[in-house]
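Single-letter residue listing:
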Amino acid sequence: MAFRFHIAAAILALVFTIVHASDPSPLQDFCVAVPDANAGVFVNGKICKDPKLVEAEDFFFPGLNEPGSTSNPLGSNVTTVNVNQIPGLNTLGVSLARIDFAPYGLNPPHTHPRATEILVVLEGTLLVGFVTSNPGMNMKNKLFTKVLNPGDVFVFPEGLIHFQFNKGHSNAVAFAGLSSQNPGVITIANAVFGSKPPISRDVLTKAFQVDKNVVKYLQSQFWWDNHYYP
């Protein structure tokens, strides 16, 4: 019995360790990502560059002081800086984004499947919020929302749907830190109504409890991606 208890405890410890894990922790100073499949060893989807060939440029990204173009239907632009822009971020579990907003611009409801986000407002006034995961039966998902001004900080927990909206008459700028080298993003409207091949209209009609013509109309729209990948 004692032996079984120790085995069960060991398995639980292993499971909780795996569940808690995010991006892998490096066992060396760095693992600069390279696209060449013959160059080294995979680490979380990337390949390590020979440390002897690493240079300062591998940890550098310029120009985040420049505003991104908000001339799109959403009126926002997300400039991402993750492992694909800075190879030296590989295995380090962190990335960054600059978010620009035109007046009444929106960074629409979306999720980051692999990262918590912390947002700081530099300019303007943003209405932000996130929605909890599904609660118990006959309970509503709870919205946590706040109006942010310059210098204010807000956190969006990993995987939860969230948004940012510029409710002011002038441009707004925010920076976001994310707890993954490659946090990913799922924009809800784009994923649901703009997937290819499209999701069955029977599925969406029943899911959203609307007429099939409404789903047909939404699927016919061009769903804009406001993310810019330098």
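Residues numbered from 1 in each chain as written. Predicted model: local features only at pLDDT ≥ 70, side-chain atom pairs only at ≥ 80, totals over all residues. Heavy atoms only, no water.

### Side note on the overall build of the protein chain
When its secondary structure is counted, the protein chain shows four helices and 14 strands. Out of the 230 residues belonging to the protein chain, those deemed buried represent 34%. Long-range contacts, defined here as pairs at least 24 residues apart, represent 72% of the contacts in the protein chain between residues at least 6 apart. (Helix = DSSP H or I, 4+ residues; strand = E, 2+ residues; numbered from the N terminus. Buried < 20%, exposed > 50% of the residue type's maximum accessible area, 1.4 Å probe, protein only. Contact = heavy atoms within 4.5 Å.)

### What to know about the packing of helix α3 (residues 201-208) against helix α4 (residues 212-219)
Contact geometry for α3 and α4: axes closest at 9 Å, N-to-C directions at 115°. When the interaxial angle is binned, α3 and α4 end up roughly perpendicular. Of the two possible hands of crossing, α3 and α4 adopt the one that is right-handed. Counted together, R201, D202, L204 and T205 of α3 and K212, V215, K216 and Q219 of α4 form the full contact between these two elements. Along the lines of polarity and charge, the residues of the contact of α3 with α4 split into two nonpolar, two polar and four charged. (Axes fitted to C-alpha atoms, helices over the stretch in contact; angles between N-to-C directions. Parallel < 35°, antiparallel > 145°, perpendicular 65-115°, else oblique. Left-handed = near helix turned anticlockwise from the far one by under 90°. Nonpolar A, V, L, I, M, F, W, Y, C, P; charged D, E, K, R; others polar.)

### Concerning the sheet that holds strand β14 (residues 227-228)
Read from one edge of the open sheet, six strands run β10-β7-β12-β5-β4-β14, paired in mixed fashion. The two strands at the open ends of the sheet, each matched to only one other strand, are β10 (153-156) and β14. Alignment of strand β7 (residues 117-123) against β10, held across four bridges, turns out to be antiparallel. Within β10, the position partnered with I118 by the bridge is V155. (Pairing = 2+ DSSP bridges.)

### Describing the pattern of salt bridges
Scanning the entire structure with this criterion turns up four salt bridges. The salt bridge partner of K52 is D50, with a shortest N-O separation of 3.4 Å. Its salt-bridge partner being D100, residue R98 comes within 2.9 Å of it at the nearest N-O pair. Note on D100: relative accessible area 4%, which makes it buried. (Salt bridge = Lys/Arg side-chain N within 4 Å of Asp/Glu carboxyl O.)

### What to know about the layout of surface pockets
The gaps of empty space that remain are located by a probe, the size of a water molecule, rolled over the atoms. Taken as a whole, the largest pocket holds about 210 Å³ of empty space. As for the largest pocket, its lining consists of 21 residues, and the residues nearest its centre are T80, H112, L178, P183 and H227. By residue number, the principal contributor to the lining of the largest pocket is strand β5 (residues 95-101), which donates four residues. Looking at the lining of the largest pocket residue by residue, the class counts come to ten nonpolar, ten polar and one charged. (1 Å grid on protein atoms, 1.4 Å probe; cavity = no way out; pocket = protein on both sides within 12 Å on 5 of 7 lines; lining within 4 Å. Points joined across faces, edges and corners; volume = space filled by probe spheres on them.)

### A closer look at the UniProt feature "binding site: oxalate" (unreviewed entry) in the protein chain
Using the residue numbers shown here, the UniProt feature "binding site: oxalate" (unreviewed entry) corresponds to N107, H112 and E117. Set against the largest pocket, the annotated residues named above that line it are N107, H112 and E117. Structurally, the position occupied by N107 is in strand β6 (residues 106-111). Of the residues examined, N107 reaches a relative accessible area of 3% and is grouped as buried. Apart from the residues within four sequence positions on either side, N107 is in contact with S76, V78, I99, F101, F163, Q164, N226 and H227. Note that E117 resides in strand β7. In contact with E117, other than residues within four places in its own chain, are I99, H110, H112, F154, V155, F156, H162, Q164, A176, G177 and L178. A polar contact is formed between the side chain of E117 and the side chain of H112, at a distance of 3.0 Å. (UniProt positions renumbered as here; feature names shortened; annotations may be inferred. Polar contact = N/O pair within 3.5 Å; in protein donor to acceptor, adjacent residues only side chain to side chain.)

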